[in-house]
Amino acid sequence: MTIAARLVTTVAAPLDPASADAPQVLYWPDRRLLVQRGDTDVVAVDLDMPHADQASEVRFPAPWPRRFGSVTVSPERDAAVFAGVHAVRSVEPTGRTRWEVHHGCWAGGCPLLHLSFDEYAHDEDHFYADSGSVAVSADGKLVWAHVRGPLGGDGDKEDDQELWVVLDATNGRVVGRVNTMTVASGSEHTPHPDPTQMGLSVGEGEEGSPALWGRWDGQQLTVEQIGIEQVLLAASPSGRHLLTVDVGQWSLCIHRVEDGSEIRELDAADTVPAHPRNTGEDRVYWDYDAAFVDEDTVVAGTSECDARHGSVRHWLVDVQGMTLRGEISYPAPVSGPARAAGGGMWYTISGDRTSVHLWELAKDI
């Protein structure tokens, strides 16, 4: 069975893909942004404006080149928050630094608490540093950051430990913190419609991949582990359920947010048919991206394993029974995985990374 997708809009990537990261879509319950980072600036386009073009762009000067960390943008586009090798910095469109929180250096073996990027800008040992990540809460009032300890002002406290901190988005004040007990090579946040909740997937190379769920009650940050070999993909629109995939990409899993318990799973090898051009024994496996269309359905892809055989495939999954409803049929070929865009939509990036396509189901099914 095939299920038709409708193209909602196509938006041109604002930066040259030769000198910029691939564009991505950030979403909150009432806002959707296209964000792309280059070496010198970050561009945020409001996708909910009638015409998402240059007139709807906001640009933020970058404090360091893109190889030295990641970035997110606030829902109102009043600040971009950069997660760097030595600090988390909030920057306004004018280039003014709103606040900066210094932390331990992500470069392995470096014991220094750097005061500026210039201290290691030309040091090759820092070119391939490990990294944390940042995310802004649904209401724009909190910044969640995964950093290397210690924080500036801590002295030797929690030296070389990894911390998950909650910051006041207006001034960078640390309002909550917890030791993640991880050794990350990288991490990624998963948003939740409740601003007091957030997910964090920590990649530890060959050592594992713990998935963490954080709650901030206004006084204390508490964290529970969803799994030790799981990657968080998305939270459902209601916020009651989480979608994960194991690091081997065998099974999609649905979890309850309240306690992290696994409810159901869907194994790709047992469910998804082999690619029509697959004449060998290559296994079918899920992508590391997926999107909730609504509370009961998910769009998930097998694009990574399909790509070697030609066209990529995406699938509609029934969450209630964790069954495959059918393959998504697009009006034109797509590339890469299906990524969450919120509001019943998902997005794909063109093969040359020059545009983003927003999709929705063609009809109520």
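Thresholds applied
- Residues numbered from 1 in each chain as written.
- Predicted model: local features only at pLDDT ≥ 70, side-chain atom pairs only at ≥ 80, totals over all residues.
- Heavy atoms only, no water.
- Helix = DSSP H or I, 4+ residues; strand = E, 2+ residues; numbered from the N terminus.
- Rg over C-alpha atoms; globule rule 2.2 N^0.38 Å.
- Buried < 20%, exposed > 50% of the residue type's maximum accessible area, 1.4 Å probe, protein only.
- Contact = heavy atoms within 4.5 Å.
- Areas by Shrake-Rupley, 256 points an atom, 1.4 Å probe, with all protein chains shown as cover.
- Lys, Arg positive; Asp, Glu negative; His and termini not counted.
- Charge placed at Lys NZ, Arg CZ, Asp CG, Glu CD.
- Phe/Tyr/Trp six-rings, centres within 6.5 Å; stacked < 30°, edge-to-face > 60°.
- Lys NZ or Arg CZ within 6 Å of the ring centre and 35° of its normal.

So, the overall build of the protein chain
Part 1 of the argument: The helix and strand tally for the protein chain stands at 2 helices and 28 strands.
Part 2 of the argument: Its C-alpha atoms give the protein chain a radius of gyration of 20 Å, within 12% of the compact-globule value 21 Å for 365 residues.
Part 3 of the argument: Judged by the C-alpha coordinates and their principal axes, the protein chain covers about 60 × 45 × 40 Å.
Part 4 of the argument: Within the protein chain, the proportion of its 365 residues that are buried is 55%.
Part 5 of the argument: Long-range pairs, those at least 24 residues apart, make up 45% of the contacts in the protein chain with a sequence separation of at least 6.
Part 6 of the argument: Of the roughly 15800 Å² that the protein chain leaves accessible, carbon and sulfur atoms contribute 47%.
Part 7 of the argument: Computed over 28 positive and 56 negative side-chain charges, the inter-centroid distance for the protein chain is 5 Å.

Some details on the packing of aromatic side chains
Part 1 of the argument: This model, assessed by the stated rule, comprises 8 aromatic pairs.
Part 2 of the argument: Between Phe68 and Phe117 the ring centres are 5.0 Å apart and the planes differ by 75 degrees, which places this aromatic pair in the edge-to-face class. Taken as a pair, Phe68 in the loop between strand S5 (57-61) and strand S6 (69-73) and Phe117 in the loop between strand S9 (97-102) and strand S10 (133-136) lie far apart in primary sequence, 49 residues in all.
Part 3 of the argument: Judged by relative accessible area, Phe117 falls into the buried class, the value being 13%.
Part 4 of the argument: Three or more aromatic residues joined by ring pairs form one cluster here, namely Trp64, Phe68, Phe82, Phe117, Tyr120 and Phe127.
Part 5 of the argument: Over the ring of Tyr128 we find Arg67; its NZ or CZ atom is 5.0 Å from the centre of that ring.
Part 6 of the argument: Seen from the ring of Trp250, Arg283 lies directly overhead, with NZ or CZ sitting 3.9 Å from the centre.

Remarks on the environment of Ala169
Part 1 of the argument: Mapping Ala169 onto the fold places it in the loop between strand S12 (162-168) and strand S13 (174-179).
Part 2 of the argument: The spacing of Ala169 and Arg283 is 114 residues in sequence and 45 Å in space, taken between C-alpha atoms.
Part 3 of the argument: Other than its neighbours up to four places away in sequence, Ala169 contacts Arg98, Trp99, Gly140, Lys141, Leu142 and Val143.

Any functional reading would require information beyond the geometric quantities listed.
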